[in-house]
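One letter stands for each residue in the lines below.
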Amino acid sequence: MTLFILCFLLFLVGIHGVLTRRNLIKVVISLTVMEFSIFLMLALIGYISGAEAPILGSEMVSGAPVVDPLPQAMVLTAIVIALATNAMLLTIAIRLYKKYGTFDIRRINELKG
Amino acid sequence: MEVMLSIIICFMIIAAIVAIHARDLLSAIIAQGFVGYGLVICFLILKAPDLAIVQIVVETITLIIMVAVVLDSSRLELNVSFDRRKGGTTAVTFIFIIVLLVYFNRAISGLSKFGEHTLRMSEAYVTDAASQTGSLNLVTGILWDFRGYDTLGEATVLFTAAIGVLTILRLTGKK
Amino acid sequence: MQGMSVIVKKIAQLMSGLIFVYGVYIITHGHLTPGGGFAGGALVAGAFILLILANGSEYIKLKRQEEGSSVVESTAVLLVLVLATTGLVAGSLVFFNNFLPTGIPGRLISAGVIPLYNIFIGMEVAAALITIFLALVIYKEEISK
């Protein structure tokens, strides 16, 4: 239970960063932290104490019980999607920097057009 | 086991706070790398080697791209003290956190305790995946057989993101 | 973008080959050991990124490489779709049907079409990451002119 709460705290740190920072790179970093907390949460849910990794031996049966493989499959795709969306956000940030000369979202708001 | 994970997650929280409050963007990015590599260790402890391999490579590439972006532009954090709507932002943040806490409480009450997860839907996957697909790695078997649609959608998102990056970064039009 | 010193260049050339081979191993053994298309593709992309970072941007023709990697990426997605549709046509009417014989589990050639999917998705991930990186490098070159 404490692990779930710690994971939620990590998520809250990310939320705090997204809501209070005014720098675009800091916002991207906070979004990444939120993504990490969600990956960790899903991996924590699927864990069974005393179980093995979901990779069987060549005799196709597992002696010990196996960790739930379904959340791991979901997280595996989500990690690569996170990388792609992060790259996309960073390219948008760098184009905004070229246009306005700053990462400050307050200034970008004011300089319309 | 649980104590070790708690210590690592505490370090990750501290690193995340450092990353958000750092004065220099380069040190913020390095602190964010600490969070990512801590996540790798957590995955290894949680018996998820597939995720650990993917995360360690993806984190490295993310750091390279972030450092490239920051070194191209400015490294300095802005002066955050000036804000006209500071009171409003704080109030909105508190309301947001309270709503999130309520939903987190409701969500966590339906979960079993850590380490005592019962296989419900994955029971069939664990018993049948190897004999039906012939893949000894159960994660790959699920990814490409039972859950093929999800993976196809993921490939489409990656493709779209690459096209979007090409479109945004093109300065001169192509004849 | 400037290249680095001779020592870094030589070490990067030696290491990137090893990283590439390791990535291919991770992709092709995805149904037996931990890993698969996503991890192996990212590793292959990492090998190329290391080479470009160490040798500078004069080492390769950036524009042509970018076009090539973009073509590879599109082709890989198309091949995944074609394979999935072949499962629809061959055998029972199920999308993503595993229509090849599964073989003996534990061998390298087994598990039906899953290794093929792994290879194609590895190509796609590697090409997409290289495309994103090359686009950033080209942007930096154009902006500094």
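Analysis parameters
Residues numbered from 1 in each chain as written. Chains lettered and ligands numbered in written order. Predicted model: local features only at pLDDT ≥ 70, side-chain atom pairs only at ≥ 80, totals over all residues. Helix = DSSP H or I, 4+ residues; strand = E, 2+ residues; numbered from the N terminus. Rg over C-alpha atoms; globule rule 2.2 N^0.38 Å. Buried ≥ 20, exposed ≤ 12 C-beta atoms within 10 Å, placed from the backbone. Contact = placed C-beta atoms within 7 Å. Axes fitted to C-alpha atoms, helices over the stretch in contact; angles between N-to-C directions. Parallel < 35°, antiparallel > 145°, perpendicular 65-115°, else oblique. Nonpolar A, V, L, I, M, F, W, Y, C, P; charged D, E, K, R; others polar. Domains from an automatic or database assignment. pLDDT = per-residue confidence, 0-100. Core = buried A, V, L, I, M, F, W, Y, C linked by C-beta atoms within 7 Å. Expected span 1.5 Å × (residues − 1). Arc of directions from axis to C-beta. Left-handed = near helix turned anticlockwise from the far one by under 90°.

**What to know about the overall build of chain B**
At step 1: Assigned secondary structure in chain B consists of seven helices and zero strands.
At step 2: The linear arrangement of helices and strands in chain B, starting from the amino end, is α-α-α-α-α-α-α.
At step 3: Compactness check: chain B gives a C-alpha radius of gyration of 22 Å against a globular reference of 16 Å for 175 residues, more than 25% above the reference.
At step 4: In terms of its C-alpha atoms, chain B occupies a principal-axis envelope of roughly 60 × 55 × 30 Å.
At step 5: Evaluated residue by residue, chain B yields a buried proportion of 38% over its 175 residues.
At step 6: The contacts of chain B with a sequence gap of at least 6 include a subset with a gap of at least 24, amounting to 38%.

**Points about the overall build of chain C**
At step 1: Within chain C, the regular secondary structure consists of four helices and zero strands.
At step 2: Written out in order from the N terminus, the α and β elements of chain C read α-α-α-α.
At step 3: Across its three principal axes, chain C shows a C-alpha extent of roughly 60 × 30 × 15 Å.
At step 4: Burial analysis of chain C (145 residues in total) assigns 46% to the buried set.
At step 5: Sequence-distant contacts, at least 24 apart, represent 68% of the contacts inside chain C between residues at least 6 apart.

**Digging into the packing of helix 6 (residues 138-146) of chain B against helix 4 (residues 114-144) of chain C**
At step 1: Between helix 6 of chain B and helix 4 of chain C, the least distance of the axes is 10 Å, while the angle of their chain directions is 90 degrees. Taken together, helix 6 of chain B and helix 4 of chain C sit at an angle that is classed as roughly perpendicular. Across from T140, G141, W144 and D145 of chain B in helix 6 of chain B, the residues of helix 4 of chain C making contact are I114, Y117 and N118 of chain C.
At step 2: Per-class residue counts for the contact of helix 6 of chain B with helix 4 of chain C are three nonpolar, three polar and one charged.

**A few points about the domain arrangement of chain B**
At step 1: Domain assignment breaks chain B into domain 1 (1-76) and domain 2 (127-175).
At step 2: Centre-to-centre separation of domain 1 of chain B and domain 2 of chain B, based on C-alpha positions: 24 Å.

**Topic: the environment of L14 of chain C**
Residue and element names in this part refer to chain C.
At step 1: Looking at the secondary structure, you find L14 in helix 1 (residues 6-28).
At step 2: The exposed category is assigned to L14, around which 9 C-beta atoms lie within 10 Å.
At step 3: Residues L14 and L51, 37 residues apart in the sequence, show an inter-C-alpha distance of 9.7 Å.

**Points about the environment of T167 of chain B**
At step 1: Among the secondary structure elements, T167 of chain B is positioned in helix 7 (residues 148-169).
At step 2: Taking the C-alpha atoms as reference points, T167 of chain B and L111 of chain B, separated by 56 residues in sequence, lie 43 Å from one another.

**Some remarks on the confidence of the model for chain C**
At step 1: Across chain C, the average pLDDT comes to 82, with 98% of residues at 70 or higher.
At step 2: For this predicted complex, the interface confidence reaches an ipTM of 0.86, while the overall pTM sits at 0.86.

**Some words on the interface of chain B and chain A**
At step 1: With 75 residues of chain B at the contact, the number on the chain A side is 72 residues.
At step 2: For the side of chain B that touches chain A, the elements supplying multiple residues, two or more each, are helix 1 (2-21), helix 2 (25-45), helix 3 (49-72), helix 4 (86-109), helix 5 (122-133), helix 6 and helix 7 of chain B.

**So, the interface of chain B and chain C**
At step 1: With 32 residues of chain B in contact, the opposing surface of chain C contributes 44 residues.
At step 2: In terms of residue count, the dominant contributor to the side of chain B that touches chain C is helix 3 of chain B (twelve residues).
At step 3: Of the residues contributing to the side of chain B that touches chain C, the split by class is 21 nonpolar, eight polar and three charged.

**Considerations on the nonpolar core**
At step 1: L10, A43 and I79 of chain A, A16 and V54 of chain B together with A42 and L129 of chain C are the most contacted members of the largest nonpolar core, which totals 124 residues.
At step 2: For this core, the domains that each give at least three residues are domain 1 (1-76) and domain 2 (127-175) of chain B.
At step 3: Leave out the neighbours within four places in its chain, and V54 of chain B touches L76, I79 and V80 of chain A together with F38, A39 and A42 of chain C.

**Re helix 1 of chain B**
At step 1: With 20 residues, helix 1 of chain B extends 29 Å between its outermost C-alpha atoms, agreeing within 8% with the 28 Å of an ideal straight helix rising 1.5 Å per residue.
At step 2: All of the buried residues along helix 1 of chain B are L5, I9, M12, I13, A15, A16, A19 and I20 of chain B. When helix 1 of chain B is viewed along its axis, its buried side chains cluster within an angular range of 165 degrees and face the same direction. Turned more than 90 degrees away from the buried face of helix 1 of chain B, the exposed residues are V3, M4 and I7 of chain B.
At step 3: Buried positions along helix 1 of chain B lie against helix 1 (2-20) and helix 2 (24-45) of chain A together with helix 2 of chain B.

**A short note on the packing of helix 7 of chain B against helix 4 of chain C**
Helix packing for two helices is described by the angle between their axes and how far apart those axes are.
At step 1: Put simply, helix 7 of chain B and helix 4 of chain C touch, their axes get as near as 10 Å, and they point 15 degrees apart. Considering the angle they form, helix 7 of chain B stands roughly parallel to helix 4 of chain C. The crossing of helix 7 of chain B and helix 4 of chain C is left-handed. Residues A155, L158, F159, A162, V165, L166 and L169 of chain B of helix 7 of chain B touch helix 4 of chain C, and the partners they reach there are I121, E124, V125, A128, T131, I132, A135, L136 and Y139 of chain C.
At step 2: In the contact of helix 7 of chain B with helix 4 of chain C, the residues fall into 14 nonpolar, one polar and one charged.

**Quick look at the confidence of the model for chain B**
At step 1: Predicted confidence across chain B gives a mean pLDDT of 82, with 92% of residues reaching 70 or more.
At step 2: No element of chain B has a lower mean pLDDT than helix 5 of chain B, at 75, and none a higher one than helix 2 of chain B, at 90.

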